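Inside the fold
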Amino acid sequence: MTALLRRVDDFEEGALRALRPDVAAFFAGGAGDEWTMAENRRAFDRWVLRPRVLRGVGEADPSTTVIGEPMPFPIAIAPTAFHRLAHPDGELATARAAAATGATMIVSTMSSVSLEDVAACGPPRWFQLYVHRDRELTADLVARAQAAGYTALVLTVDAPRLGRRERDEATGFELPPEVGMANVEHWLAPGTPGTSTRLSYFATQIDPNLTWDDVAWLRTLSPLPIVIKGVMTAEDATIAADAGVAALVVSNHGGRQLDGAGATLDALPEVVGAAAGRLDVLVDGGVRRGQHVLKALGLGAAAVLVGRAPLWGLAVDGEAGVRRVLEILRDEFVLAMSLAGVRSVGEIEPSMVSRAP
């Protein structure tokens, strides 16, 4: 089946046909008018590549290193919730595909499979963390992630409350009984206030009062490097670098939080400049092509994260679909490298990308 699907957009079209309408809207939708979500994709048309020639490209090598970890190519799986909405195997299928390709998988606190069961599939893995009002629960998540071989904590900081997602309101989306929050359900007794919907869960369980002091607190819980996800400004990048975190992800939550925020690719040069080489900078949002990866790296990203794309693969063909999506992006990136005149990730320079005329 997947052999006939040649682009990530082909998988999206297939997934939206295959998924229940309310689930399709949940995965595909953004906040408000979805302007920011659309801007993430439009931004890639505002930057153009400046290819070099006669560079002896031969075979391009897409391997790289991020926060000291080797990656076979600079594309990781962003944390997204409830993969069992897309396929019965859920995060297990995604993890097996990540293991097969070597892609790092960032596992969500809101995973529908436990972090331990995902780890057992063997992917390179980081754990995405929401800090709960119950700090013992949060500390337990960190300890479990470390024990299960996760090699970084990815703290999401752009969701003190959930953005207003009007597609979900229109469909009346709620989690079906067979899909739950596997990482936290043993902490929450049946009927716990706030567990009936995602919106009420965030309102009652997730701590909206986080500050940079809480980043320091997290560092006392574990030696795992901390990645801050949700930074869009130079000001916050400077604070993060001073706080000693390992990396930032330039992210607007896929356009699902503050509608009206700018595109992540447009914000990337500002954040990279403020980081000044003191930490790695990653970016997500709107990546659908290998040339998008090349543009992001040219603007200073160490790697990109893809969130919806693996979900489309998962919905279409389970593990094989996720693996094929990752392979398409990897192969497109390698081809773009060669055509742009670079043999390795280290040769990708800012001079290779400019604003479109």
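Above this note sits the structure.
None of the values given here were measured: they were computed from a predicted structure. Residue indices begin from 1 for each chain and proceed along its sequence in written order. Per-residue local features of the predicted model are confined to residues with pLDDT of at least 70, and side-chain atom pairs are confined, for both listing and counting, to 80 or more; whole-chain, interface and lining totals are unaffected and use all residues. Values shown for side chains rest on all heavy atoms present in the structure; no hydrogens or waters enter the calculation.

Side note on the packing of aromatic side chains
- Note on aromatic contacts: the rings of Phe and Tyr and the six-membered ring of Trp form a pair at centre separations within 6.5 Å, being stacked when their planes are under 30 degrees apart, edge-to-face when over 60 apart, and tilted otherwise. The full count for this structure, using the stated rule, is four aromatic pairs.
- Judged by centre distance (4.5 Å) and plane angle (10°), the ring pair of F26 and F173 falls under stacked. You can see F26 sitting in helix α2 (residues 21–28) and its partner F173 sitting in the loop between α7 (166–171) and α8 (198–205), a full 147 residues away along the chain.
- Relative accessibility thresholds used throughout: buried, under 20% of the residue-type maximum; exposed, over 50%; partly exposed, between the two (1.4 Å probe, protein chains only). Take F173: its relative accessible area is 10%, and that puts it in the buried class.
- Centroid distance F127 to Y150: 5.9 Å. Interplanar angle 80°. Geometry classified as edge-to-face. With F127 in strand β6 (residues 125–129) and Y150 in the loop between α6 (135–147) and β7 (153–156), this residue pair connects regions lying 23 residues apart in the sequence. Each member of the pair, F127 as well as Y150, is classed as buried.
- Here the aromatic residues F26, F27, F82 and F173 are joined through ring pairs into a cluster of three or more.
- Criterion for a charge above a ring: Arg CZ or Lys NZ at most 6 Å from the ring centre, at most 35 degrees from the ring normal. Its guanidinium or amino end placed over the ring of Y150, R125 lies 5.6 Å from that ring's centre, counting from NZ or CZ.
- Over the face of the ring belonging to W217 we find R135, whose NZ or CZ atom lies 4.9 Å from the ring centre. Per the convention used, a helix needs a DSSP run of H or I reaching at least four residues, while a strand needs a run of E reaching at least two, with both numbered from the N terminus.

Some words on helix α11 (residues 264–275)
- In this analysis, the expected span of each helix is defined as 1.5 Å times one less than the number of residues it contains. The terminal C-alpha atoms of α11, which comprises 12 residues, lie 15 Å apart, in line with the 16 Å expected from a rise of 1.5 Å per residue.
- Those residues of α11 lying buried are T264, L265, A267, L268, V271, A274 and A275. Along α11, the residues classed as buried sweep out an arc of 150° about the axis, all on the same side.
- Note on α11: the residue one or two positions beyond its end, A276, has a positive phi of about 55°. Picture the helix axis, draw a direction to every C-beta atom, and the arc is the one those directions span.

A few points about the pairing of strand β11 (residues 303–306)
- Burial along β11 is two-sided: the residues A303 and L305 and V304 and V306 are all buried.
- Two elements, strand β4 (residues 75–77) and β11, share three bridges in a ladder whose sense is parallel. Directly across from A76, in β11, lies its bridge partner L305.
- Relative to β11, strand β10 (residues 280–284) is paired through three bridges, and the arrangement is parallel. Paired with D284 across the strands is L305, a residue of β11.
- Here, the term right-handed applies to a crossover whose path from the first strand over the helix to the second runs clockwise when the strands point away from the viewer. A crossover connection joins β10 to the parallel β11 through helix α12 (residues 290–298); in handedness this β-α-β unit is right-handed. At least two DSSP bridges between two strands are needed for those strands to be called paired.

A word on helix α10 (residues 234–243)
- Those residues of α10 lying buried are A234, A237, A240 and A241. An end-on view of α10 places all buried positions within 120° of arc, on one side of the element. α10 presents E235 and D242 as exposed residues on the side facing more than 90 degrees away from its buried surface.
- Note on contacts: a residue pair qualifies if any of its non-hydrogen atoms lie within 4.5 Å across the two residues. Buried residues in α10 make contact with α9 (212–221), β8 (226–231), β9 (247–250) and α11.

Section: the nonpolar core
- Counting residues in hydrophobic clusters, the biggest one holds 108 residues, and the most contacted among them are L19, F27, M110, F127, Y150, L248 and L268.
- Sorting elements by how many residues they give to this core places helix α13 (residues 308–340) first, with 15 residues.
- Residues contacting L248, with those up to four places away along its chain left out, are V227, I228, V231, A237, A240, V271, L279, D280, V281 and L282. The nonpolar core is taken to be a set of buried Ala, Val, Leu, Ile, Met, Phe, Trp, Tyr and Cys residues, with the residues joined through side-chain atoms within 4.5 Å.

A look at unusual backbone geometry
- One non-glycine residue, I67, lies in the positive phi region at around 45°.
- The residue I67 is located in the loop between β2 (64–66) and β3 (69–71) in this model.
- One non-glycine residue, H253, lies in the positive phi region at around 65°.
- Note that H253 resides in the loop between β9 and α11.

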